[in-house]
Amino acid sequence: NYRTSIASFKNIGEQLFLSEDSCSLMQFIFWWLWMERFESNSHQQAILFTKMAESFAMILLNCDKKKKDELFLHFTPCLCQAVYCVFCQAFPNSVKRFHSYSFLQWLCDCIYEWTLGVPSPIGCWDKWPMNSLDPTYMIDQPVTISTRDKELDLKTSKMEKDLSAQLLKMGTLQLNRSILAGKM
(Lines give C-alpha, C1' and ligand atoms only; values in the text may rest on other atoms or scores of the structure.)
Protein backbone atom coordinates (compact mmCIF):
# COMPACT_ATOMS: atom_id res chain seq x y z
CA ASN A 1 0.00 0.00 0.00
CA TYR A 2 2.90 2.35 0.81
CA ARG A 3 4.51 1.74 -2.60
CA THR A 4 1.17 2.33 -4.33
CA SER A 5 0.77 5.69 -2.59
CA ILE A 6 4.33 6.75 -3.53
CA ALA A 7 3.73 5.79 -7.17
CA SER A 8 0.41 7.62 -7.14
CA PHE A 9 2.01 10.72 -5.60
CA LYS A 10 4.85 10.64 -8.14
CA ASN A 11 2.39 10.37 -11.03
CA ILE A 12 0.27 13.25 -9.71
CA GLY A 13 3.39 15.31 -9.02
CA GLU A 14 4.73 14.81 -12.54
CA GLN A 15 1.36 15.80 -13.98
CA LEU A 16 1.41 18.94 -11.85
CA PHE A 17 5.03 19.91 -12.58
CA LEU A 18 4.80 19.25 -16.30
CA SER A 19 1.37 20.80 -16.86
CA GLU A 20 0.96 23.70 -19.27
CA ASP A 21 -0.08 25.94 -16.37
CA SER A 22 3.10 25.10 -14.41
CA CYS A 23 5.30 25.79 -17.42
CA SER A 24 3.50 29.08 -18.04
CA LEU A 25 3.85 30.03 -14.37
CA MET A 26 7.58 29.34 -14.53
CA GLN A 27 7.96 31.54 -17.63
CA PHE A 28 5.95 34.41 -16.19
CA ILE A 29 7.93 34.27 -12.94
CA PHE A 30 11.22 34.22 -14.82
CA TRP A 31 10.33 37.28 -16.89
CA TRP A 32 8.89 39.18 -13.91
CA LEU A 33 12.04 38.52 -11.86
CA TRP A 34 14.29 39.39 -14.78
CA MET A 35 12.51 42.73 -15.24
CA GLU A 36 12.57 43.42 -11.52
CA ARG A 37 16.28 42.74 -11.27
CA PHE A 38 17.69 43.90 -14.60
CA GLU A 39 15.24 45.98 -16.65
CA SER A 40 12.31 47.41 -14.74
CA ASN A 41 9.06 47.82 -16.66
CA SER A 42 6.16 48.25 -14.25
CA HIS A 43 3.48 47.99 -16.96
CA GLN A 44 4.81 44.67 -18.31
CA GLN A 45 5.43 43.39 -14.77
CA ALA A 46 1.79 44.09 -13.86
CA ILE A 47 0.67 42.08 -16.89
CA LEU A 48 3.04 39.23 -16.01
CA PHE A 49 1.89 39.26 -12.38
CA THR A 50 -1.73 38.90 -13.49
CA LYS A 51 -0.76 36.01 -15.76
CA MET A 52 1.18 34.41 -12.89
CA ALA A 53 -1.89 34.64 -10.66
CA GLU A 54 -4.11 33.13 -13.34
CA SER A 55 -1.69 30.24 -13.97
CA PHE A 56 -1.31 29.57 -10.26
CA ALA A 57 -5.08 29.62 -9.76
CA MET A 58 -5.48 27.06 -12.55
CA ILE A 59 -2.82 24.84 -10.95
CA LEU A 60 -4.68 25.00 -7.64
CA LEU A 61 -8.02 24.24 -9.28
CA ASN A 62 -6.67 21.30 -11.27
CA CYS A 63 -4.60 19.79 -8.45
CA ASP A 64 -5.69 16.58 -6.71
CA LYS A 65 -7.54 17.89 -3.65
CA LYS A 66 -6.42 15.03 -1.39
CA LYS A 67 -2.72 15.56 -2.08
CA LYS A 68 -2.66 19.33 -2.58
CA ASP A 69 -0.81 20.20 0.65
CA GLU A 70 1.82 17.52 0.15
CA LEU A 71 2.32 18.42 -3.51
CA PHE A 72 2.81 22.10 -2.77
CA LEU A 73 5.52 21.36 -0.24
CA HIS A 74 7.51 20.07 -3.24
CA PHE A 75 6.13 22.32 -5.97
CA THR A 76 7.55 25.60 -4.66
CA PRO A 77 11.16 24.40 -4.20
CA CYS A 78 11.06 22.74 -7.64
CA LEU A 79 9.65 25.93 -9.16
CA CYS A 80 12.52 27.91 -7.59
CA GLN A 81 15.04 25.49 -9.09
CA ALA A 82 13.38 25.57 -12.50
CA VAL A 83 13.44 29.39 -12.59
CA TYR A 84 17.08 29.37 -11.48
CA CYS A 85 17.82 26.91 -14.33
CA VAL A 86 16.23 29.26 -16.84
CA PHE A 87 18.34 32.18 -15.58
CA CYS A 88 21.51 30.09 -15.94
CA GLN A 89 20.52 28.76 -19.36
CA ALA A 90 19.36 32.11 -20.72
CA PHE A 91 22.40 34.05 -19.50
CA PRO A 92 25.37 31.64 -19.32
CA ASN A 93 27.89 34.52 -19.41
CA SER A 94 26.31 36.04 -16.30
CA VAL A 95 25.94 32.84 -14.32
CA LYS A 96 28.35 33.93 -11.58
CA ARG A 97 25.86 36.66 -10.66
CA PHE A 98 23.26 33.99 -10.02
CA HIS A 99 25.49 32.10 -7.58
CA SER A 100 25.40 34.89 -5.03
CA TYR A 101 23.62 34.47 -1.72
CA SER A 102 21.59 37.62 -2.30
CA PHE A 103 20.33 36.55 -5.74
CA LEU A 104 19.41 33.02 -4.68
CA GLN A 105 17.68 34.17 -1.50
CA TRP A 106 15.82 36.92 -3.38
CA LEU A 107 14.63 34.49 -6.06
CA CYS A 108 13.44 31.97 -3.47
CA ASP A 109 11.80 34.63 -1.29
CA CYS A 110 9.77 35.96 -4.21
CA ILE A 111 8.57 32.54 -5.34
CA TYR A 112 7.81 31.28 -1.82
CA GLU A 113 5.87 34.44 -0.99
CA TRP A 114 3.84 34.19 -4.20
CA THR A 115 3.05 30.47 -3.93
CA LEU A 116 2.99 29.78 -0.18
CA GLY A 117 2.52 33.24 1.29
CA VAL A 118 5.66 33.10 3.43
CA PRO A 119 9.33 33.98 2.88
CA SER A 120 11.59 31.10 1.95
CA PRO A 121 13.68 29.43 4.63
CA ILE A 122 17.08 31.12 4.76
CA GLY A 123 19.52 29.23 2.55
CA CYS A 124 16.84 26.84 1.28
CA TRP A 125 18.81 26.63 -1.96
CA ASP A 126 21.94 25.26 -0.29
CA LYS A 127 20.76 21.66 -0.85
CA TRP A 128 19.97 22.16 -4.54
CA PRO A 129 21.79 19.94 -7.05
CA MET A 130 23.73 22.89 -8.44
CA ASN A 131 25.85 20.76 -10.75
CA SER A 132 22.68 19.83 -12.62
CA LEU A 133 20.87 23.14 -12.41
CA ASP A 134 23.63 25.28 -13.89
CA PRO A 135 24.69 24.40 -17.45
CA THR A 136 28.20 25.73 -16.84
CA TYR A 137 28.62 23.03 -14.19
CA MET A 138 27.13 20.07 -16.04
CA ILE A 139 30.53 18.42 -15.70
CA ASP A 140 30.65 16.36 -12.51
CA GLN A 141 32.39 18.88 -10.31
CA PRO A 142 31.31 20.55 -7.07
CA VAL A 143 29.88 24.06 -7.23
CA THR A 144 30.96 26.66 -4.72
CA ILE A 145 28.46 29.34 -3.81
CA SER A 146 29.42 32.50 -1.97
CA THR A 147 27.29 33.28 1.05
CA ARG A 148 27.56 36.08 3.55
CA ASP A 149 29.74 34.15 5.93
CA LYS A 150 31.14 31.11 4.19
CA GLU A 151 31.63 29.17 1.01
CA LEU A 152 29.37 26.18 0.42
CA ASP A 153 30.70 23.20 -1.48
CA LEU A 154 27.70 21.42 -2.95
CA LYS A 155 27.71 17.86 -4.23
CA THR A 156 24.67 16.09 -5.65
CA SER A 157 23.30 12.60 -6.06
CA LYS A 158 22.58 11.04 -9.44
CA MET A 159 18.83 11.19 -8.79
CA GLU A 160 19.01 14.93 -8.04
CA LYS A 161 21.06 15.50 -11.19
CA ASP A 162 18.56 13.60 -13.33
CA LEU A 163 15.56 15.48 -11.91
CA SER A 164 17.28 18.82 -12.34
CA ALA A 165 18.31 18.01 -15.88
CA GLN A 166 14.65 17.24 -16.66
CA LEU A 167 13.58 20.55 -15.08
CA LEU A 168 16.21 22.43 -17.06
CA LYS A 169 15.17 20.77 -20.31
CA MET A 170 11.48 21.43 -19.61
CA GLY A 171 12.09 25.09 -18.72
CA THR A 172 14.37 25.79 -21.63
CA LEU A 173 12.14 24.11 -24.22
CA GLN A 174 9.01 25.85 -22.97
CA LEU A 175 10.78 29.23 -22.86
CA ASN A 176 12.12 28.76 -26.39
CA ARG A 177 8.69 27.78 -27.71
CA SER A 178 7.13 30.89 -26.20
CA ILE A 179 9.79 33.20 -27.56
CA LEU A 180 9.51 31.67 -31.03
CA ALA A 181 5.71 31.86 -30.93
CA GLY A 182 5.94 35.53 -29.98
CA LYS A 183 4.19 35.00 -26.64
CA MET A 184 6.93 36.78 -24.71
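No experiment lies behind these values; they were computed from the predicted model shown.

Caption draft 1: How the structure looks around the environment of Gly 123. With respect to the secondary-structure elements, Gly 123 resides in the loop between helix H6 (101-115) and helix H7 (130-133). Here the alpha-carbon distance between Gly 123 and Leu 104, two residues 19 residues apart in the chain, equals 8.2 Å.

Caption draft 2: Region of the structure containing the packing of aromatic side chains. Tallying each qualifying case throughout the model produces 15 aromatic pairs. Seen in terms of ring centroids, Trp 31 and Trp 34 are 5.7 Å apart; in terms of plane orientation they differ by 80°. Their pairing is edge-to-face. With Trp 31 and Trp 34 both in helix H2 (residues 20-38) and three residues apart, the pair spans about one turn of that helix. Classification of Trp 34 by relative accessible area gives buried; the value is 17%. With a centroid separation of 4.9 Å and 90° between ring planes, the pair formed by Trp 32 and Trp 114 is classed as edge-to-face. Residue Trp 32 is located in helix H2, and its partner Trp 114 is located in helix H6; the two are separated by 82 residues in the primary sequence. Classification of Trp 32 as buried rests on a relative accessible area of 15%. Residue class for Trp 114 comes out partly exposed when judged on its relative accessible area of 25%. Chaining the aromatic ring pairs together yields one cluster made of Phe 30, Trp 31, Trp 34, Phe 38, Phe 87, Phe 91, Phe 98, Phe 103 and Trp 106.

Caption draft 3: A look at the nonpolar core. Counting 44 residues, the largest nonpolar core has Leu 33, Val 83, Tyr 84, Phe 87, Leu 107 and Trp 128 as its most contacted members. Of all elements in the fold, only H2, helix H3 (42-62), helix H4 (68-90), helix H5 (95-98), H6 and H7 reach the threshold of two or more residues within this core. Broken down by element, the residue count for this core peaks at twelve residues, all from H4. When residues no more than four places from it in sequence are discounted, the contact partners of Leu 33 are Val 83, Phe 87, Trp 106, Leu 107, Cys 110, Ile 111 and Trp 114.

Caption draft 4: Representation of the side chain of Thr 115 in the model. Following the sequence through the fold, Thr 115 ends up in helix H6. A polar atom in the side chain of Thr 115 sits 2.8 Å from the backbone oxygen of Ile 111. The residues touching Thr 115, leaving out its near neighbours within four places in the chain, are Phe 56, Thr 76 and Leu 79.

Caption draft 5: Structural view of H6. Its 15 residues give H6 an end-to-end C-alpha distance of 21 Å, which sits within 8% of 21 Å, the value for a rise of 1.5 Å per residue. Within H6, eleven of the 15 residues are buried, leaving the element largely enclosed by the surrounding structure. Burial in H6 covers these residues: Tyr 101, Phe 103, Leu 104, Gln 105, Trp 106, Leu 107, Cys 108, Cys 110, Ile 111, Tyr 112 and Thr 115. After H6 finishes, the residue Gly 117 shows a positive phi value of roughly 85°.

About the criteria used
- Residues numbered from 1 in each chain as written.
- Predicted model: local features only at pLDDT ≥ 70, side-chain atom pairs only at ≥ 80, totals over all residues.
- Heavy atoms only, no water.
- Helix = DSSP H or I, 4+ residues; strand = E, 2+ residues; numbered from the N terminus.
- Phe/Tyr/Trp six-rings, centres within 6.5 Å; stacked < 30°, edge-to-face > 60°.
- Buried < 20%, exposed > 50% of the residue type's maximum accessible area, 1.4 Å probe, protein only.
- Core = buried A, V, L, I, M, F, W, Y, C linked by side-chain atoms within 4.5 Å.
- Contact = heavy atoms within 4.5 Å.
- Polar contact = N/O pair within 3.5 Å; in protein donor to acceptor, adjacent residues only side chain to side chain.
- Expected span 1.5 Å × (residues − 1).

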